[in-house]
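Close look at the chain arrangement
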Amino acid sequence: IYRRQNVSEYWISKQLYSPSYISLETALEYYGLIPEAVTGIQNITTRTTKKWKTSLGMFRYYHIKQNRFFGYLQKALLNSTYFLCASPEKALLDIFYFGKGEWTFPRISELRLQNLEQLDLKKLQNDAEIMASPKVTRAVTIFINTRAT
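This text gives an overview of the structure that appears in the document. Computed from a prediction, not measured in an experiment: that's the story for all the values here.

1. A few points about the overall build of the protein
- The helix and strand tally for the protein stands at six helices and six strands.
- For 149 residues, the compact-globule formula gives about 15 Å, and the C-alpha radius of gyration of the protein, at 16 Å, lands near that figure.
- In terms of its C-alpha atoms, the protein occupies a principal-axis envelope of roughly 55 × 30 × 25 Å.
- Among the 149 residues that make up the protein, the fraction classed as buried is 43%.
- Across the protein, contacts joining residues at least 24 apart in sequence account for 61% of those joining residues at least 6 apart.
- About 8,600 Å² of surface is accessible on the protein, with carbon and sulfur atoms providing 52% of the total.
- The distance from the centre of the 20 positive side-chain charges to the centre of the 12 negative ones in the protein is 9 Å.

Structure representation (structure tokens):
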């Protein structure tokens, strides 16, 4: 089969399991907030947690309650298609939410975050309030306090 254009894995992830948006390390990589390349595409969904291994790579979908399914933006691709991606702030909140255990300063440092001028700290705090997760709120407080020093 011949294709006129390459198909984006980001677009495929939206088609494979919907509703969903790209988040977690995949979104952090997309925004240049982490230096590492991420293998596979990580998504958030209101549906059941699932993963698919395909010839194009691994697609993972993590379940979240409907009231925490927000904070994503429509991103255009070159061929007039689009995908949904967490805002930089929501991607970080999703990392805090889905990460097992508590988030300490050393643990947050291990994320090796960079280009942090992209983050709107007020939006980060507001979105953390919407998430209504004590663990996320604690992590955001630590993150913001370490940025102030």
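2. Some thoughts on the pairing of strand E6 (residues 82-86)
- With four of its five residues buried, E6 lies for the most part within the structure.
- With five bridges connecting them, strand E5 (residues 72-76) and E6 associate as antiparallel partners. Paired with Lys75 across the strands is Phe83, a residue of E6.
- Taken together, E5 and the strand that follows it, E6, pair antiparallel across an intervening segment of five residues, in which Ser80 is found at a positive phi of about 65°.

3. Things to note about the side chain of Ser23
- Along the chain, Ser23 turns up in the loop between strand E1 (20-22) and helix H2 (24-30).
- Within polar-contact distance, the side chain of Ser23 engages the side chain of Asp94 at 2.6 Å.
- The contacts of Ser23, once residues within four sequence positions are left out, are Gln42, Asn43, Ile44, Ala86, Lys90, Ala91 and Asp94.

4. What to know about the packing of aromatic side chains
- For the structure on display, the rule yields 13 aromatic pairs.
- Here the aromatic rings of Tyr30 and Tyr31 are separated by 5.1 Å at their centres, their planes lie at 80°, and the arrangement is edge-to-face.
- Of the residues examined, Tyr31 reaches a relative accessible area of 13% and is grouped as buried.
- Here the aromatic rings of Trp52 and Tyr61 are separated by 5.6 Å at their centres, their planes lie at 80°, and the arrangement is edge-to-face.
- Trp52 gets classed as partly exposed once you look at its relative accessible area, which sits at 29%.
- The exposure class assigned to Tyr61 is buried, which follows from its relative accessible area of 0%.
- In this structure an aromatic cluster arises from ring pairing among Tyr10, Tyr30, Tyr31 and Phe83.

5. Structural notes on helix H1 (residues 9-16)
- All buried positions along H1 are accounted for by Tyr10, Ile12, Ser13 and Lys14.
- The inward-facing, buried residues of H1 contact E1, H2, strand E2 (41-45), strand E4 (57-63) and E6.
- The distance from a side-chain oxygen at the start of H1 to the backbone nitrogen of Tyr10 is 3.0 Å, and the residue carrying that oxygen is Ser8.

6. A look at the nonpolar core
- Leu92, Leu93, Phe96, Leu113, Val140 and Phe143 are the most contacted members of the largest nonpolar core, which totals 42 residues.
- Excluding residues within four positions of it along the chain, Leu92 makes contact with Leu28, Leu111, Leu113, Leu119, Leu124 and Phe143.

7. Digging into helix H5 (residues 121-131)
- Along H5, the residues that are buried comprise Leu124, Asp127, Ala128 and Met131. With its buried residues spanning 105° around the axis, H5 presents them on a single face. H5 presents Lys122 and Glu129 as exposed residues on the side facing more than 90 degrees away from its buried surface.
- One or two positions beyond H5, positive phi appears at Ala132, with a value near 55°.

Conventions we followed
Residues numbered from 1 in each chain as written. Predicted model: local features only at pLDDT ≥ 70, side-chain atom pairs only at ≥ 80, totals over all residues. Heavy atoms only, no water. Helix = DSSP H or I, 4+ residues; strand = E, 2+ residues; numbered from the N terminus. Rg over C-alpha atoms; globule rule 2.2 N^0.38 Å. Buried < 20%, exposed > 50% of the residue type's maximum accessible area, 1.4 Å probe, protein only. Contact = heavy atoms within 4.5 Å. Areas by Shrake-Rupley, 256 points an atom, 1.4 Å probe, with all protein chains shown as cover. Lys, Arg positive; Asp, Glu negative; His and termini not counted. Charge placed at Lys NZ, Arg CZ, Asp CG, Glu CD. Pairing = 2+ DSSP bridges. Polar contact = N/O pair within 3.5 Å; in protein donor to acceptor, adjacent residues only side chain to side chain. Phe/Tyr/Trp six-rings, centres within 6.5 Å; stacked < 30°, edge-to-face > 60°. Core = buried A, V, L, I, M, F, W, Y, C linked by side-chain atoms within 4.5 Å. Arc of directions from axis to C-beta.

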